[in-house]
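Here is what each chain is made of, one letter per residue.
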Number of protein chains: 2
Amino acid sequence: MTDLKQRILAAVGPDLAAIEQALADHLDPHYELVRQVAGHLLFAGGKRLRPLLMLLCGRLCGHDTQDAIASAIIFEYLHAATLIHDDVVDGADLRRGRTVAHKVWDPPTAVLTGDFLLARALTLAARTQMPAVIATIAGITEFMAQGEINQLARKGDVTLSEADYMDVIRCKTAVLFQGACRVGGLLARAPQPIIEALADYGLHLGMAFQMADDLLDYTQQTDTLGKRAGADLLEGKLTLPVIHALRHATPAEQTWMKSLIAAQAFTPDQLQQFIAILQSCDAIAYTRDRAADHMARAKTILDGFPPGPARTVLADIVDYAWARAN
Amino acid sequence: MTDLKQRILAAVGPDLAAIEQALADHLDPHYELVRQVAGHLLFAGGKRLRPLLMLLCGRLCGHDTQDAIASAIIFEYLHAATLIHDDVVDGADLRRGRTVAHKVWDPPTAVLTGDFLLARALTLAARTQMPAVIATIAGITEFMAQGEINQLARKGDVTLSEADYMDVIRCKTAVLFQGACRVGGLLARAPQPIIEALADYGLHLGMAFQMADDLLDYTQQTDTLGKRAGADLLEGKLTLPVIHALRHATPAEQTWMKSLIAAQAFTPDQLQQFIAILQSCDAIAYTRDRAADHMARAKTILDGFPPGPARTVLADIVDYAWARAN
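Residues numbered from 1 in each chain as written. Chains lettered and ligands numbered in written order. Predicted model: local features only at pLDDT ≥ 70, side-chain atom pairs only at ≥ 80, totals over all residues. Heavy atoms only, no water.

Draft legend 1. Just the environment of T128(B), in detail. Residue and element names in this part refer to chain B. Structurally, T128 is set in the loop between helix 7 (107–127) and helix 8 (131–153). Residue classification places T128 among the buried residues on the basis of a relative accessible area of 18%. With 111 residues separating them along the chain, T128 and A17 place their C-alpha atoms 22 Å apart. Among residues more than four places away in sequence, those in contact with T128 are S71, V133, I134 and L187. (Helix = DSSP H or I, 4+ residues; strand = E, 2+ residues; numbered from the N terminus. Buried < 20%, exposed > 50% of the residue type's maximum accessible area, 1.4 Å probe, protein only. Contact = heavy atoms within 4.5 Å.)

Here it is as C-alpha cells:
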C-alpha cells in the first residue's frame, strides 16, 4: 500500500501542486467568510483523486493538460460541495480528521457554502465553452443529489437489495469519477469511442472505490479513518457487506442485526460482534469480490490504450482503490 | 392592484400555461421521491415572474420565444432551489401558504432536493449550447449563495449599513432578475448594448422587488403574506426600513429597537410598536422612495425600446412590484 501510494505520488507530484494552487486561485469569493468556510474542507488535505483522473485521462489521449488545471479542479469543488452537504445531512462530526464545517460554523452556512462551491464548479465548466463538458458536470450534480436523497429515504431499510445499493453508489459516487474521466477525454478532443471507454473506466473505478470505502467502515479504527468507525451503521446506511449478511448470516444473527440497525445505536462490543458476523458469513469477502470485478473491468479498459506513464498511474490508482480496503 | 394584476395575467396567460407544463415535463427525476419533494414547492402556485421576464425580454427583441420555454423555466428551478435552501437556513414554517419541504420531509431531504433543482437548472442551461447563457446561470447561483451567506453572517448586526443591505439584496435577489432578462436577450441574439439594457432593467426591477418584499414584512398580516408577518425581524434580518430607523428614530426608540433585535423574540404588541416607530421616523416612506428610484430607472430603460405588447407588460410588472408593498 505504502509503495503503491509513493509511486503514484511521485508520478503526479507536479499535478498535485498545480491542483492545490488552482483550488486557491479560482475560489474567487465575493465575501471573505465564504473563502474561510469553503477553505476549511477544501484545504484539509484531500487526495485530489478526481481532478487527477481528469488530467491523467486527458494525457492518455495525448492531450497536453497544462491548460486543463482550471477544469480539473471542477471535480474537487463538486466533491467538496457534496461532502459538505452530506456531512450536514448525516450529522457527521469529523471529516479528514477535522471538525466538520457545520459544527465550526452552523448548518445553514455549510449548506450555502456547498451551494457556492457547486455554482463555482459550474462557472468553471462554462468557461470551457464546451456544451458536452457543461452537460456532464450538470448531470453529475443531478445524479449525486438524487443518490443521496434515495440513500436517505432508505435509511435503515433492511429490504434494500444489492441492485438498489449498486444504483445508489453509482449515483452518489461513480458518476463523478465517470464524469472526470469523460471530461478528460472531451477536453482532449478524443474520438467518441475513446471518450466512452474513459468514462467506463471511471465508472468501474468509482464503483470499486465506493465499495472499498464502505468496507473501511467495518475494517478500520476511528483514528486511521479520519471519521468515526461504524458511522454508516449508526446512520442506518446499509452497505453491501450488511446487505449480504442480512441474507446469508444465520436466522438468529439476521434478527439480531436487524434489531441493532433499528436501534440506531450500539456499544463498541456490539459493533465488534456485528463485524464478526459480517466476517463469518463471508460478507466482507463477498464485497471485496464485487469490488474486484469492477477493478478488473477498469483494468481491461486500460489495456486497450497504448502503454505509457499516464496508463501506468491510472492502473496504479485502480490498485490503490483496492488496497484501501485491505 | 387587482386591475394591474388582471391586465398582466391576461397578457401572459398562454406563457404561464406553457411554463406550468414545462416545469412538470422537464423535472425528469431518477427517483419518484425527488418529484414529490421538488413538486411540493414548485407546484404551490408561484407567480412564475422570473421565467416570464425571460420570455418577455426575448419578445421585446423580436424573438419568437416558443422554443425558449425550456430555458425560461431554468429561472423558476433556480428560484425554487434557493427558496428551499433559504427556508432550511431560516427555519421557516410556511411558504406560499404551505408547510415548507423541510418540515413535511426533513431538512436533509430538502437540502438535497434544492441541490437537484440547482443541477437541473444547469442541465437545461447546458442544452442551450450557449456559453454566455451557461455562465450567466452559474454566476447567478454563486451570487445568490453568497448573498444568503453574508445575510446570515450579519444576522442581528445593527451596524449593517444601507450600502451593505443593497449589496445583499443585489446578490440574493436582483442578480436572478437581471440574469433572466439578460438570457432573454442572449437567446434572441440581440446586440450587446441591448442585452446590457435588458440586464439593467432586470437589476433595477429586482432591487425594487426585494425592497417591496422587505416592506411587506411590516405592512401585511400573516394570512395575506403566505408566511409569518415580522419574520425578518424574528430572524434578525435587518432590512432597509429597520436600517433607516436605527439611524433616524429617537435615541430612546433606537435603544429599544436594538434590544428587541437582540432578543430575537417579540409579542404582537411589540411588533406593532416596532412598526409604529418605522412609520414615525419615515423609514417606510424612505424605503418606498428608494424602491421608486429603481422603478424609475427600470422604466427609463424600457422607454428606449419600441412600444408594443411586451414593453407594456414589462412596464406593468414594474408597477406590480411597487403595488405589492402598498
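Back to the write-up after that little detour.
Draft legend 2. Structural detail: the nonpolar core. Judged by nonpolar contacts, the single largest core of 235 residues is most densely connected at Y201(A) and Y201(B). Those residues in contact with Y201(B) that lie beyond four places of it in its chain are L53(B), C57(B), C181(B), A298(B), I301(B), L302(B), L314(B), I317(B) and V318(B). (Core = buried A, V, L, I, M, F, W, Y, C linked by side-chain atoms within 4.5 Å.)

Draft legend 3. Seen up close, helix 8 of chain B. With 23 residues, helix 8 of chain B ought to run about 33 Å at 1.5 Å a step, and its terminal C-alpha atoms sit 33 Å apart, in line with that. Here helix 8 of chain B lies mainly inside the structure; 18 of its 23 residues are buried. (Expected span 1.5 Å × (residues − 1).)

Draft legend 4. Representation of the relation of the copies chain B and chain A within the structure. Rotating chain B by 180° and translating it 0.0 Å along the rotation axis places it on chain A, where the RMSD comes to 0.0 Å. Both copies of the chain, as the preceding transformation shows, are related through a two-fold rotation axis. (Least-squares fit on C-alpha atoms with pLDDT ≥ 70 in both.)

Draft legend 5. Region of interest: the packing of aromatic side chains. With the rule as written, the count across this model stands at 6 aromatic pairs over all chains. Both rings, one in Y218(A) and one in F274(A), keep their centres 5.9 Å apart while their planes meet at 25°; by these two values the pair is stacked. Of the two residues, Y218(A) sits in helix 10 (residues 192–219) while F274(A) sits in helix 15 (residues 268–280), which places them 56 residues apart along the sequence. Judged by its relative accessible area of 3%, Y218(A) is buried. Centroid distance F177(B) to F209(B): 5.0 Å. Interplanar angle 45°. Geometry classified as tilted. Taken together, the positions of F177(B) in helix 9 (residues 162–187) and F209(B) in helix 10 (residues 192–219) put the pair 32 residues apart, joining distant regions of the chain. An identical accessibility class is assigned to F177(B) and F209(B); each is buried. What links up through ring pairs into an aromatic cluster is the set Y218(A), W256(A) and F274(A). Against the face of Y286(A) rests R290(A), its NZ or CZ located 4.7 Å from the ring centre. (Phe/Tyr/Trp six-rings, centres within 6.5 Å; stacked < 30°, edge-to-face > 60°. Lys NZ or Arg CZ within 6 Å of the ring centre and 35° of its normal.)

Draft legend 6. Summary view of the packing of helix 5 (residues 74–90) of chain A against helix 8 (residues 131–153) of chain A. Residues and elements named next belong to chain A. It is at 12 Å that the axes of helix 5 and helix 8 come closest, and there the two elements cross at 20°. In terms of orientation, helix 5 lies roughly parallel with respect to helix 8. Relative to helix 8, the crossing made by helix 5 is right-handed. Across from I74, F75, L78, T82, D86 and V89 in helix 5, the residues of helix 8 making contact are I137, I140, T141, M144, E148 and L152. Taken together, the residues of the contact of helix 5 with helix 8 break down into 8 nonpolar, 2 polar and 2 charged. (Axes fitted to C-alpha atoms, helices over the stretch in contact; angles between N-to-C directions. Parallel < 35°, antiparallel > 145°, perpendicular 65-115°, else oblique. Left-handed = near helix turned anticlockwise from the far one by under 90°. Nonpolar A, V, L, I, M, F, W, Y, C, P; charged D, E, K, R; others polar.)

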